[in-house]
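Breakdown of the fold
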Protein chains: 2
Amino acid sequence: MEQSRRNQILEVAQKMMRDSGFHGTSMRDIAAAMNMEAASLYNHISGKEEILKSTCFGLAEKFQSGIDEVNDIYFNAVEKLQMAVKSHVQLLTENLDASFVFIHEWRNLNEPYRAEFVHLRDKYENAFRVILQNGEDEGLFKEVDYKFAVLTILSSMNWVVEWYKPDGGMTPVQIAEKLTDFILSGLKK
Amino acid sequence: MEQSRRNQILEVAQKMMRDSGFHGTSMRDIAAAMNMEAASLYNHISGKEEILKSTCFGLAEKFQSGIDEVNDIYFNAVEKLQMAVKSHVQLLTENLDASFVFIHEWRNLNEPYRAEFVHLRDKYENAFRVILQNGEDEGLFKEVDYKFAVLTILSSMNWVVEWYKPDGGMTPVQIAEKLTDFILSGLKK
DNA sequence: CATAAAAACTAACGATCGTTAGTTTCGATT
DNA sequence: AATCGAAACTAACGATCGTTAGTTTTTATG
């Protein structure tokens, strides 16, 4: 089954927005990359903001599904963390351009979508916090400032989109393993 | 000594670009926030891009000076890392809006400035790598993938601009200490 | 108070933006 | 071959963009 024209547009737009940002990418730019006129895009999408909404909310749902799945199944906290990181990194690397837009351009959503996006983000962060609390309850993790720890973990994961190259030396799974190791044990010998 | 009009404009612009991005903030927006007309801005700055250049390169120089100072003085690797993180976090929190623009909007620089900025960024990252190598040579740190470790450390630090509030519960020094602890020892008990 | 520089103003330029209206072409189904 | 919807097109709209030119006001200096 071939890709719908709409999804082709979304992918092209995401790639361009990764380089130039949301406001730096015009409908005419996107159309040119698709070898069509700007007006023709409107046969497939309702407007420019829909590109951003689709990208941000589509990925938000994927991330949330990933962590829900991890949390539903029983693992101890270390296993949960391992799997959550793995899920996150795999989604990031499988949707690299979209993830980049997701992470950097969501601020350009207009209300009420921006607020709704922040709400989903908070929900996702909270799922990570629950894992850290589990770890502390089980005596596996130190007592930590949850908010601080969650944000630090998420930042390490999200920064992967800045440097990951599909043809580079590390697979997504290897990245997830290194990240988990770093998060759990740090640098010290 | 009171602040120059130029610096007032830069600070207002940075604050607005933090919310709306570089392309999302117009010269007329900036002027309105300064209670003046857009054309009047040009008595103080040469154009919109100069705001971005000044912000990005001004901060880049501060960050580099910070780590150079740390590396000049003799410390062992753990001390160097502690001081480098402290310097970075203090600069971030002292220049919160500018740092946000520095981290998120540098892509909007036109060549050759974008390339020059990337070069400075690489130089800064390299200074951190040297610290990690020192640590390994001294037997203090694990053998690590330097590139990966540096990017992960930088991401944890940079993400602070996303959530830090001056009136929040943590001082910059406390944040730096928690970050260093996290980087060195991780979550595990 | 005269003067000159600094810093504001009004007005407008050409360019580009997202989007709409209306029309034509393409491609699959009868 | 006729038909009809999908998907492209041309043309243009009003808005806004960064910036410039020329002028007036403000402020500091003698």
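Right above here is the structure, for reference.
Here goes a summary of the coordinates provided. (Residues numbered from 1 in each chain as written. Chains lettered and ligands numbered in written order. Predicted model: local features only at pLDDT ≥ 70, side-chain atom pairs only at ≥ 80, totals over all residues. Heavy atoms only, no water.)

**Side note on the interface of chain B and chain A**
Often, the extent of an interface is quoted as the loss of accessible area upon association of its parts. Listed per partner, the contact involves 43 residues of chain B and 43 residues of chain A. Together, the buried faces of chain B and chain A total about 4,000 Å²; carbon and sulfur atoms form 65% of this surface. Linking chain B with chain A are 4 salt bridges, by the criterion used here. Among the ionic pairs, D145 of chain A bridges to K178 of chain B, the shortest N-O distance being 2.8 Å. (Contact = heavy atoms within 4.5 Å. Buried area = accessible area lost by both parts, 1.4 Å probe. Salt bridge = Lys/Arg side-chain N within 4 Å of Asp/Glu carboxyl O.)

**Some details on the protein's contact with DNA strand D**
Among the 17 residues in the neighbourhood of DNA strand D, the closest are listed as E37, N43 and H44 of chain A together with Y42 and K48 of chain B. When atoms of DNA strand D within 4 Å of the protein are sorted by moiety, sugar and phosphate together comprise 52%. A distance of 2.4 Å separates a phosphate oxygen of DNA strand D from a polar side-chain atom of H44 of chain A. Y42 of chain B is positioned with one of its side-chain polar atoms (N or O) 2.6 Å from a phosphate oxygen of DNA strand D. Within the residue set of the surface near DNA strand D, elements represented by two or more residues are α2 (27-33) and α3 (38-41) of chain B. Along the lines of polarity and charge, the residues of the surface near DNA strand D split into 6 nonpolar, 6 polar and 5 charged. (Near = heavy atom within 4 Å. Polar contact = N/O pair within 3.5 Å; in protein donor to acceptor, adjacent residues only side chain to side chain. Helix = DSSP H or I, 4+ residues; strand = E, 2+ residues; numbered from the N terminus. Nonpolar A, V, L, I, M, F, W, Y, C, P; charged D, E, K, R; others polar.)

**Looking at the side chain of R18 of chain B**
Residue and element names in this part refer to chain B. Mapped onto the elements, R18 comes out in helix α1 (residues 5-20). Take R18: its relative accessible area is 16%, and that puts it in the buried class. A polar contact is formed between the side chain of R18 and the side chain of D97, at a distance of 3.5 Å. A polar contact of 3.0 Å, which involves the side chain of R18, links it to the backbone oxygen of V161. (Buried < 20%, exposed > 50% of the residue type's maximum accessible area, 1.4 Å probe, protein only.)

**Regarding the protein's contact with DNA strand C**
Taken together, 17 residues sit near DNA strand C, with Y42 and K48 of chain A together with E37, N43 and H44 of chain B positioned nearest. Near the protein, within 4 Å, the atoms of DNA strand C are sugar or phosphate in 54% of cases. Between DNA strand C and K48 of chain A there is a distance of 2.6 Å, counted from a phosphate oxygen to a side-chain nitrogen or oxygen. Grouping the amino acids of the surface near DNA strand C by side-chain chemistry returns 6 nonpolar, 6 polar and 5 charged.

**Things to note about the relation of the copies chain B and chain A**
Mapping chain B onto chain A calls for a screw motion: a turn of 180 degrees about the axis and a shift of 0.0 Å along it, with 0.0 Å RMSD after fitting. Taken together, these values place the two copies in the relation of a two-fold axis. Within chain B, the C-alpha atom positioned nearest to the axis of rotation is that of G186 of chain B, 2.1 Å from it. Comparing contact sets, 100% of the residues at the interface of chain B also lie at the interface in chain A, consistent with an isologous, same-surface contact. (Least-squares fit on C-alpha atoms with pLDDT ≥ 70 in both.)

**Considering the pattern of salt bridges**
Residues and elements named next belong to chain A. Throughout the structure, instances matching the rule amount to 8 salt bridges over all chains. Across the pair R18 and D97 runs a salt bridge whose closest N-O atoms are separated by 3.4 Å. With R18 in helix α1 (residues 5-20) and D97 in helix α5 (residues 96-104), the pair connects residues that are 79 residues apart, well separated along the chain. An identical accessibility class is assigned to R18 and D97; each is buried.

**Regarding the packing of aromatic side chains**
Summed over the entire model, instances satisfying the criterion amount to 14 aromatic pairs over all chains. A ring pair is formed by W106 of chain A and F117 of chain A, whose centres lie 5.3 Å apart and whose planes are at 25 degrees; its orientation type is stacked. Of the two residues, W106 of chain A sits in the loop between α5 and α6 (113-137) while F117 of chain A sits in helix α6, which places them 11 residues apart along the sequence. F117 of chain A carries the same exposure label as W106 of chain A, and that label is buried. Above the face of the F22 of chain B ring, K48 of chain B is positioned so that its terminal group lies 4.5 Å from the ring centre. Across from the ring centre of F148 of chain A, 5.8 Å away, lies the NZ or CZ of K178 of chain B, which sits over that ring. (Phe/Tyr/Trp six-rings, centres within 6.5 Å; stacked < 30°, edge-to-face > 60°. Lys NZ or Arg CZ within 6 Å of the ring centre and 35° of its normal.)

**Observations regarding the environment of K80 of chain A**
Residues and elements named next belong to chain A. Along the chain, the position of K80 falls in helix α4 (residues 77-94). For K80, a relative accessible area of 10% gives the class buried. Placed 52 residues apart in sequence, K80 and L132 show a C-alpha to C-alpha distance of 9.3 Å. Those residues in contact with K80 that sit more than four places away from it in its chain are V70, N71, I73, F75, I131 and N134.

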